[in-house]
Structures are given as C-alpha cells and as structure tokens.
Amino acid sequence: DLPAWEERKWIGKNIKINGFLFKVDDNISRCSATNLKPNTADKTFNLPQKLKEFYNHFELGIYIFPLEDGKISVGDQIII
C-alpha cells in the first residue's frame, strides 16, 4: 500500500522486513535487452529512452542487501 516509487526515497537507508535488517543500496535500471524485439535482432525501439521521456526515469526497482539472516515473504511488514 505504498505510493508509486516510494522505495526510491529509501536509497542509502536501512529498512526492516519481517523484523530483519536490510540496506537499500541503489536503483535497478532497466537493461538495454528490453530494446530487442522477440525472436529478432531488431533494436529500433529504445524502451529505456521512452520510459525516461514519459516518467523522467527508467528504474525498475531497488537493490536491497540483507544485513542479517531471516525469511521474508510477500505481504511482510516493511519498517523504514
């Protein structure tokens, strides 16, 4: 139930998911492989560029790294 792209504000911070600590490291950028049309080598469409035009970024999510062992699941509480 977070606003879209809220997690971008967490970069450089620690968060807890299901009580376990994680470091939010950086944005995940879309790779250039998204430019290729399936089953061809045609790369006439630049998806990251179009995303940048429409949304002013082309990130896909965030990288987080565990700082301790534990198990997380879909729906676990996130504490910032």
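Our subject is the structure that appears above.
Every chain is numbered independently, its residues counted from 1 as its sequence is written. Only residues with pLDDT of 70 or above have their local features reported here, since the model is predicted, and side-chain atom pairs are shown and tallied only from 80 upward, although totals for entire chains, interfaces and linings are computed over all residues. Only hydrogens and water are set aside when side-chain values are computed; all heavy atoms of the structure are taken into account.

Participant: Teacher, can you tell me more about unusual backbone geometry here?
Facilitator: Both trends apply: most residues other than glycine have a negative phi, and most peptide bonds are in trans. Positive phi, normally seen in glycine, also occurs at Trp5, with a value near 65°. A run of H or I in DSSP becomes a helix once it reaches four residues, and a run of E becomes a strand once it reaches two; helices and strands are each numbered from the N terminus. Mapped onto the secondary structure, Trp5 falls in the segment before strand 1 (14–17). Between buried and exposed lies partly exposed: a residue is buried under 20% and exposed over 50% of the maximum accessible area for its type, with that area taken using a 1.4 Å probe on protein chains only. A residue is classified by how much of its surface remains accessible, and Trp5, at 34% relative accessible area, is partly exposed. In this model, Asn56 sits at a positive phi of 65°, which is unusual for a non-glycine residue. On the secondary structure map, Asn56 appears in the loop between helix 1 (47–55) and strand 3 (59–66).

Participant: Please clarify how the side chain of Asn27 should be interpreted in this entry.
Facilitator: As for its placement among the helices and strands, Asn27 is situated in strand 2 (residues 20–29). Overall, Asn27 belongs to the buried group, its relative accessible area being 18%. Setting aside anything within four residues of it in sequence, one finds Asn27 in contact with Arg8, Ile11, Glu59, Gly61, Ile62 and Tyr63. When checking whether two residues touch, look at their non-hydrogen atoms; a contact exists if any pair is within 4.5 Å.

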